[in-house]
Amino acid sequence: MCGIVGCIGKGNAVPFLIQGLEKLEYRGYDSSGIAIYSNGKIRVVKKQGHLKVIKEILKDNNDFCAGLGIGHTRWATHGNPTDINAHPHVSACGKIALVHNGIIENYIELKEELMKKGFLFKSDTDTEVIVQLMSSLYEGDIFQTVKNSIKKLQGSFALGIICADNPDTLIAVKKDSPLIIGTSENENYIASDIPALLSKTDTICRLQEKQIALINSEGFKLYDFEGNLSEKKLTVINWSIDAAEKNQYEHFMLKEIMEQPRAIKDTVYPRIEGKSLKLDNLNLSKEYLENLNKICIVACGSAYHVGCIAKYFMELLIRKPVEIDLASEFRYRSPIVDENTLVIIISQSGETADSLAALRESKRLGARVISIVNVVGSSIASESDYVLYTHAGPEIAVATTKAYSTQLALMYILALHIGKALNKISDEKYESIIEALKNLPENIEKILEGKEEIMSIAKNYYYYEKVFFIGRNVDYAVCMEGSLKLKEISYIHSEAYAAGELKHGTISLIDKNTLVIAIATQEKLMDKMISNVREVKARGAKILFLTTEKYYEKLKPISDHIVSIPQTYETVLPSLSVIPMQLMSYYTAKFRGCDIDKPRNLAKSVTVE
Ligand code: G6P
């Protein structure tokens with residue numbers, strides 16, 4: 001939801017601003033803009049469309065350079081994606097420019113007050129209200145103005161601010177939206193996320209809730225919203241620059257699909273010691289676990305789908321009730337949560353607004369919270385009682401693949417850990433699942449070697465407008481992710497359906513123009529799945545079966561196409577079956593000529609409600 005960058009130093013800030021925004025386009029890409037301080041004035045270039053529009057304008061413009069600047073790439077919330085609504089926004093006095101990520105909830109009231117005072121608004125955005133509010137309060141001290149203004153704002157805001165009267169200062173503000181400072185010699189930066197900074201520095205400081213940073217080329221100071229000096233904590237990031245580059249791949253999505261064996265290895269292996277697991281930072285006593293009345297998994301998007309699979313295997317391995325909720329529903333449904341509830345929040349970014357709110361609500365109700373997070377030090381990670389990091393590395397494509405896979409692998413580890421502590425799993429089962437997790441990288445490698453076969457299947461169906469994914473039990477939960485992937489990047493209407501539920505209505509939609517992707521990996525449900533597939537086949541649908549090597553021959557005669565995955569411990573099969581689904585979506589979108597890494601209307605990090 002919008003990417004922010006800023007830079008202050010002795011050189012030219014503009015190349016960094018452009019390059020940094022490029023790395024943040026996953027957060028929104030309907031318009032972009034840059035403001036610099038040059039020759040006593042604020043100068044702005046902003047345009048509708050992807051960042052390449054701005055890049056083209058500034059390509060041979062040697063005059064547009066400065067040591068101080070801010071930039072923005074937008075995912076529109078208030079006001080259409082137009083040149084005027086694009087950020088940065090500039091104050092009526094012409095002295096203050098600002099970029100914003102978040103939503104100002106009371107912007108209408110503030111706008112009315114300002115209009116009464118004679119302020120005119122050019123855009124339809126909530127953001128312009130902030131800068132005009134600052135303009136109305138500005139009497140020569142920009143720090144004081146920022147402090148006074150933000151007191152009047154309700155909602156979420158990460159801000160980058162420059163002021164023509166203070167060319168030696170870049171100001172950053174954070175409330176409920178992420179913002180990071182990057183430091184290097186003679187130049188300092190702000191950005192919404194780490195990938196924007198990787199080419200410049202590995203040393204960062206994450207702004208904490210309700211902090212203001214005053215940054216110059218030598219360093220920075222942090223203050224709370226009252227203006228008291230706060231302590232700063234620098235962290236060194238070990239992500240390589242390469243991790244945020246496409247390298248030889250045509251798309252980040254394909255690169256990230258191919259990185260899954262490595263990402264899973266990095267996530268799983270350090271937590272395995274011989275035949276058992278070590279989760280040192282998870283201090284859950286046996287007594288606490290025994291007293292648990294239930295476990296609630298809460299997440300959004302694909303992370304929610306990880307939770308849907310985890311519900312099945314956690315209940316199997318732990319023998320306690322496991323609920324799964326969408327964070328946006330959980331937070332407003334008065335959940336029954338208390339000190340005997342363990343809440344698990346799953347989030348790649350660690351910044352998703354609804355997941356963060358669900359975390360806070362759970363803690364308020366007395367629950368302990370474990371989070372499964374990819375971005376170190378993110379809000380969800382820092383506010384949880386315990387955090388288990390996935391080591392996927394930076395994920396750039398909007399459609400998640402490697403973050404999803406590492407979250408799932410980590411949920412198996414967590415379930416095993418709790419199940420073992422509660423004596424609910426036999427040693428044999430415990431060790432077999434650990435062995436299966438260890439083998440995941442190799443098995444995924446084997447599936448990825450067959451990607452051309454999936455590409456050729458996609459070639460047969462990419463022009464279809466209707467695709468159903470059907471499965472039972474965990475296979476149904478994998479279908480949900482397969483269907484979401486396809487919708488997100490290829491814009492084909494698809495649905496995931498529990499195969500046993502088809503006859504209760506959905507089967508009326510099946511005809512000869514439908515592709516049905518049937519996932520069948522579970523032995524006890526195989527015959528039921530065969531019957532369901534026969535039913536849709538009888539209505540003219542084309543069938544793509546996804547199964548394990550073991551059932552390949554059995555299912556081949558009733559399928560139009562069949563893809564098999566290596567046989568492994570059945571409980572862990574979802575970690576393998578999702579891979580062909582990712583590839584199928586990727587190639588389908590590619591044949592349709594879609595913008596795979598930046599699908600329309602979407603953003604990767606949803607930091608607004
Ligand atoms: C967006 C992304 C999804 C992601 C979801 C939750 O919708 O496109 O890939 O699963 O947000 O994000 P989180 O960062 O909390 O995992």
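Residues numbered from 1 in each chain as written. Predicted model: local features only at pLDDT ≥ 70, side-chain atom pairs only at ≥ 80, totals over all residues. Heavy atoms only, no water.

1. What to know about the site of the ligand
For the record, the criterion: When we say a residue is near a molecule or strand, we mean one of its heavy atoms is within 4 Å of it. Polar contact is defined as a pair of N or O atoms within 3.5 Å, subject to the rule that within protein one atom must be able to donate a hydrogen and the other to accept it, and that residues adjacent in sequence are counted only when both atoms are side-chain atoms. With residues, only the protein chains shown are counted as cover, and all accessible areas are computed by Shrake-Rupley using a 1.4 Å probe.
If you check the shell around the ligand, you find 14 residues, and the closest are Ser 302, Ser 347, Gln 348, Ser 349 and Thr 352. At 2.6 Å, a side-chain N or O of Ser 347 approaches an oxygen atom of the ligand. In this structure, Thr 352 approaches the ligand through a side-chain N or O atom, which is 2.4 Å from an oxygen atom. Bound to the protein, the ligand loses 90% of the 390 Å² it would expose on its own.

2. Examining the pattern of salt bridges
Selection rule: By definition, a salt bridge exists where a carboxyl oxygen of Asp or Glu is found within 4 Å of a side-chain nitrogen of Lys or Arg. Numbering of helices and strands starts at the N terminus; helices are DSSP runs of H or I of at least 4 residues and strands are runs of E of at least 2. Between buried and exposed lies partly exposed: a residue is buried under 20% and exposed over 50% of the maximum accessible area for its type, with that area taken using a 1.4 Å probe on protein chains only.
Scanning the model with the defined rule gives 37 salt bridges in all. For Glu 25, the salt bridge is made with Lys 598, and the minimal N-O distance between the two is 3.0 Å. Pair noted here: Glu 25 is in the loop between helix 1 (14-24) and strand 2 (31-38) and Lys 598 is in the segment after helix 19 (574-591), with a separation of 573 residues, a long-range link. Overall, Glu 25 belongs to the buried group, its relative accessible area being 5%.

3. Brief notes about the sheet that holds strand 15 (residues 235-236)
Stated precisely, the cut-off is as follows: At least two DSSP bridges between two strands are required for those strands to pair. Any pair of residues with heavy atoms lying within 4.5 Å of one another is described as a contacting pair. To obtain an axis, a line is fitted to C-alpha atoms, over the contacting stretch when the element is a helix, and the angle between two such axes runs from 0 to 180 degrees between their N-to-C directions.
If you trace the eight strands from one edge of the open sheet to the other, you get 3-2-4-1-10-9-11-15, paired in antiparallel fashion. Because the sheet does not close on itself, it has two edges, and the strands there are strand 3 (41-48) and strand 15. In this sheet, strand 3 lies alongside strand 2 in antiparallel orientation, the contact comprising eight bridges. Each residue of the ladder has a partner; that of Ile 36, found in strand 3, is Arg 43. Sheet strands touched by helix 1: strand 1 (3-9), strand 2, strand 4 (68-74) and strand 10 (187-191). Its angle to strand 1, the strand with the most contacts, is close to 160°. Packed onto the sheet, helix 2 (residues 51-58) meets strand 2 and strand 3 and runs at close to 130° relative to strand 3.

4. Some thoughts on the domain arrangement of the protein chain
For clarity, the cut-off: For the purposes of this description, domain bounds are those given by an automatic or database domain assignment. Values labelled buried area give the accessible surface lost by two parts on being combined, using a 1.4 Å probe and summing over both.
Per the domain assignment, the segments making up the protein chain are domain 1 (3-244), domain 2 (246-448) and domain 3 (450-594). The centre of domain 1, based on its C-alpha atoms, is set 33 Å off from the matching centre of domain 2. With 14 residues of domain 1 at the contact, the number on the domain 2 side is 17 residues. Regarding the contact of domain 1 and domain 2, the summed buried area is about 1,300 Å², with carbon and sulfur atoms giving 56% of it. With its nearest N and O atoms 3.8 Å apart, the salt bridge here joins Arg 206 to Glu 351. If you look at where domain 1 meets domain 2, you find three residue pairs in polar contact (both at pLDDT 80 or more).

5. Overview of the packing of aromatic side chains
Working definition: an aromatic ring pair is given by the centre-to-centre distance plus the angle between the planes. Put simply, the rule is: Only the six-membered ring of Trp is used, alongside the rings of Phe and Tyr, when aromatic pairs are assigned; centres must lie within 6.5 Å, and planes under 30 degrees apart are stacked while those over 60 apart are edge-to-face, with the rest tilted. Definition used: whenever NZ (Lys) or CZ (Arg) falls within 6 Å of the ring centre and also within 35 degrees of the ring normal, the charge is taken to sit over that ring.
Throughout the structure, instances matching the rule amount to nine aromatic pairs. Between Tyr 462 and Tyr 463 the ring centres are 5.6 Å apart and the planes differ by 85°, which places this aromatic pair in the edge-to-face class. The interplanar angle of 55° and the centroid separation of 5.5 Å between the aromatic rings of Tyr 463 and Tyr 464 together place this pair among those described as tilted. The exposure class of Tyr 464 is buried, given its relative accessible area of 11%. Members of the aromatic cluster, connected to one another through ring pairs, are Tyr 461, Tyr 462, Tyr 463, Tyr 464 and Phe 591. Its end group placed over the ring of Tyr 430, Lys 420 keeps NZ or CZ at 4.6 Å from the ring centre. For the cation-ring pair, Arg 600 lies above Tyr 491, with the distance from its terminal atom to the ring centre recorded as 3.9 Å.

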